Amino acid sequence: MAYNRDTYFAVHLKGKKRNYDWRLAAPDRGAEAGMRKLGIAALLGLHDDWRFEAIAVAAHARALVKRWWRCEVSVSLPRLRPAAGGFEPADPVGDRDFVQLLCALRILLPDLGITLSTREAPAFRDALLPLGVTTMSAGSHTEPGGYAEPSDAEPQFEIADSRSPAEMAAVIRAAGYDPVWKDWQRT
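Please read all numbers here as calculations on a predicted model, not as lab measurements.

Chemist: Give a detailed account of the pairing of strand β1 (residues 37-41), specifying residues and quantitative values.
Modeler: Judged by which residues are buried, β1 turns out to be one-sided: Leu38 and Ile40 face inward and are buried, whereas Lys37, Gly39 and Ala41, on the alternate face, are not. Across five bridges, the pairing between β1 and strand β2 (residues 72-76) is parallel. Each bridged residue has a counterpart across the sheet, and for Ile40 the counterpart in β2 is Val75. Assessed by its sense of winding, the connection that carries the chain from β1 through helix α4 (residues 50-67) to β2 is right-handed.

Chemist: Residue-level account of the pattern of salt bridges, with values.
Modeler: Summed over the entire model, instances satisfying the criterion amount to nine salt bridges. Here Arg79 and Glu120 are joined by a salt bridge, their closest N and O atoms 2.4 Å apart. Of this pair, Arg79 sits in the loop between β2 and α5 (95-108) while Glu120 sits in the loop between β3 (113-116) and α6 (122-128), and the two are 41 residues apart along the sequence. Among the ionic pairs, Arg163 bridges to Asp161, the shortest N-O distance being 2.6 Å. A cluster of three or more residues bridged by salt bridges with shared partners is formed by Arg125, Asp126, Asp161 and Arg163.

Chemist: Before we move on, could you go through the nonpolar core and cite the residues and values that matter?
Modeler: Val75, Phe98, Leu105 and Leu112 are the most contacted members of the largest nonpolar core, which totals 39 residues. Those elements that place two or more of their residues in this core are β1, α4, β2, α5, β3, α6 and α7 (165-174). No other element matches α4, which puts seven residues into this core.

Chemist: How would you explain the packing of aromatic side chains if you had to name every residue and give the values?
Modeler: Aromatic rings in a pair are described by how distant their centres are and how their planes are angled relative to each other. Within the structure shown, the criterion is met by four aromatic pairs. When the ring of Tyr8 is compared with that of Tyr20, the centres are 5.2 Å apart and the planes differ by 85 degrees; the resulting orientation is edge-to-face. Here Tyr20 lies in helix α2 (residues 20-24) and Tyr8 lies in helix α1 (residues 5-11), a separation of 12 residues in the sequence. Considering the side-chain rings of Phe9 and Tyr20, the 6.4 Å spacing of their centres and the 50 degrees angle between planes classify their relative orientation as tilted. Of this pair, Phe9 sits in helix α1 while Tyr20 sits in helix α2, and the two are 11 residues apart along the sequence. Residue classification places Tyr20 among the buried residues on the basis of a relative accessible area of 7%. Note that Arg29 overlies the ring of Trp22, its terminal NZ or CZ placed 3.4 Å from the centroid. In this structure, Arg79 is placed above the aromatic ring of Phe98, and the distance from its NZ or CZ to the ring centre is 4.6 Å.

Chemist: So, the packing of α4 against α5: which residues are in play, and what are the values?
Modeler: Taken N-terminus to C-terminus, the directions of α4 and α5 make an angle of 20 degrees; their axes are 11 Å apart at the nearest point. As the angle between them shows, α4 and α5 are arranged roughly parallel. Helix-helix and strand crossings are classified by hand; for α4 and α5 the assignment is right-handed. Along its contact with α4, which presents Trp50, Arg51, Ala54, Ala58 and Arg62, the element α5 presents Asp97, Leu101, Leu105 and Leu108. Looking at side-chain class alone, the contact of α4 with α5 contains six nonpolar, no polar and three charged residues.

Chemist: Can you lay out the side chain of Asn4 for me, pointing to particular residues and giving the numbers?
Modeler: With respect to the helices and strands, the residue Asn4 is situated in the segment before α1. The class of Asn4 is buried, set by a relative accessible area of 16%. Sequence-distant contacts of Asn4, defined by excluding residues within four places in its chain, comprise His47, Phe52 and Glu53.

Calculation rules
- Residues numbered from 1 in each chain as written.
- Predicted model: local features only at pLDDT ≥ 70, side-chain atom pairs only at ≥ 80, totals over all residues.
- Heavy atoms only, no water.
- Buried < 20%, exposed > 50% of the residue type's maximum accessible area, 1.4 Å probe, protein only.
- Helix = DSSP H or I, 4+ residues; strand = E, 2+ residues; numbered from the N terminus.
- Pairing = 2+ DSSP bridges.
- Right-handed = clockwise from strand over helix to strand, strands pointing away.
- Salt bridge = Lys/Arg side-chain N within 4 Å of Asp/Glu carboxyl O.
- Core = buried A, V, L, I, M, F, W, Y, C linked by side-chain atoms within 4.5 Å.
- Phe/Tyr/Trp six-rings, centres within 6.5 Å; stacked < 30°, edge-to-face > 60°.
- Lys NZ or Arg CZ within 6 Å of the ring centre and 35° of its normal.
- Axes fitted to C-alpha atoms, helices over the stretch in contact; angles between N-to-C directions.
- Parallel < 35°, antiparallel > 145°, perpendicular 65-115°, else oblique.
- Left-handed = near helix turned anticlockwise from the far one by under 90°.
- Contact = heavy atoms within 4.5 Å.
- Nonpolar A, V, L, I, M, F, W, Y, C, P; charged D, E, K, R; others polar.

Remember, this is a structural readout, not a statement about activity or role.
Okay, here's the thing in structure tokens:
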């Protein structure tokens, strides 16, 4: 999601995703329908001021926590990386700023879930684990249809951490934490 309307409309040229207000209200519709987990994100570096996007995602998360206090709210902080077609981030987010943002979110919203994607390098992800990261992706694919079967489609962007889920679980255990594959039970 891009929280700046001009940026949003510049990258969503047509189709259902073009409706900014509909997209912004998606977590509320999910909560109204009974979903217990609400996840939001801002693609940092898409807008020419990533700090604006960071503040917007924090404000959105805080509003969701207040409005839907029975739901688990989480944010992901994906940084825009060079992508197919030579696309470059408008305002790249450095590692130091990224860590500061993660820590600020942890202080502002201590119960917030924070997801760290495979866009980040393995050593960086490992170092962030003790700072309050609650979810880490692993074994990711960014090419269309990549989870269904092998594909020669071009990835939308490069992942930096190609470790498998089993390898990530070992890293999490080595850091003194318990990997949790699911936290629900069907009744």
